[in-house]
Amino acid sequence: MRYDELEADVLRLIVGATDSSVRTFGEQTVTRLVRPVLLHGPAEDELTPEAQGALATACANVLTISAGELHDALATIYDGILVDDDLDAEVLTAISALAHWHSYLEHNRRGELYELAIRSIEDVDHQVSADLDDFLAAPELAAEYERIRRLLEPDGT
């Protein structure tokens, strides 16, 4: 499967999923993208201590934090970024995931969950460097695509 075909299929899955499936998918995916093992500690020259604390707290409480609290945490994180373009990839992934999750919580937009799915695929791709013309040839990417399908398709087909 080519990368553009994968993107289109993920969008189809998000649009066609039940509200319950979408919510479960979102919770599992955002939790995966902000897991502590990825945040081995942003360099002190990347985030202020306040931003580091807000990021750690938001990630640790991602499923219980309110949209308002997450908004405030993201504001602290954004205000505390000390570099222009060179954030650690895992930190950038976590911040992006939190922002998409916040928007989903606040506005219930499925497009934000599509973005979470793409960030999740990109996270795996960052580890294995897939071929764009045969994106699922890497077993890790095939497994991530299957996880997405399983969570979003009611019958798992």
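Higher on the page you've got the structure.
Residues numbered from 1 in each chain as written. Predicted model: local features only at pLDDT ≥ 70, side-chain atom pairs only at ≥ 80, totals over all residues. Heavy atoms only, no water.

Trainee: Explanation requested: the overall build of the chain in the structure shown.
Mentor: Scanning the chain from terminus to terminus reveals 7 helices and 0 strands. Each helix and strand of the chain, placed in order from N terminus to C terminus, yields the pattern α-α-α-α-α-α-α. Here the chain has a C-alpha radius of gyration of 16 Å; the compact-globule value for 157 residues is 15 Å, and the two agree. Among the 157 residues that make up the chain, the fraction classed as buried is 47%. Once local pairs closer than 6 in sequence are excluded, the contacts in the chain between residues at least 24 apart make up 74%. Entry remark: accessible area of the chain is about 7900 Å², with carbon and sulfur atoms responsible for 51%. (Helix = DSSP H or I, 4+ residues; strand = E, 2+ residues; numbered from the N terminus. Rg over C-alpha atoms; globule rule 2.2 N^0.38 Å. Buried < 20%, exposed > 50% of the residue type's maximum accessible area, 1.4 Å probe, protein only. Contact = heavy atoms within 4.5 Å. Areas by Shrake-Rupley, 256 points an atom, 1.4 Å probe, with all protein chains shown as cover.)

Trainee: Any chance you could explain the environment of Tyr145 here in plain terms?
Mentor: When you line up the elements, Tyr145 lands in helix H7 (residues 139-152). For Tyr145, a relative accessible area of 9% translates into the label buried. Between the C-alpha atoms of Tyr145 and Val10, which are 135 residues apart in sequence, the distance is 8.4 Å. Contacts of Tyr145, omitting those with residues within four sequence positions, involve Met1, Leu6, Asp9 and Leu136. Here the side chain of Tyr145 touches Asp9 through a polar contact of 2.3 Å, side chain to side chain. (Polar contact = N/O pair within 3.5 Å; in protein donor to acceptor, adjacent residues only side chain to side chain.)

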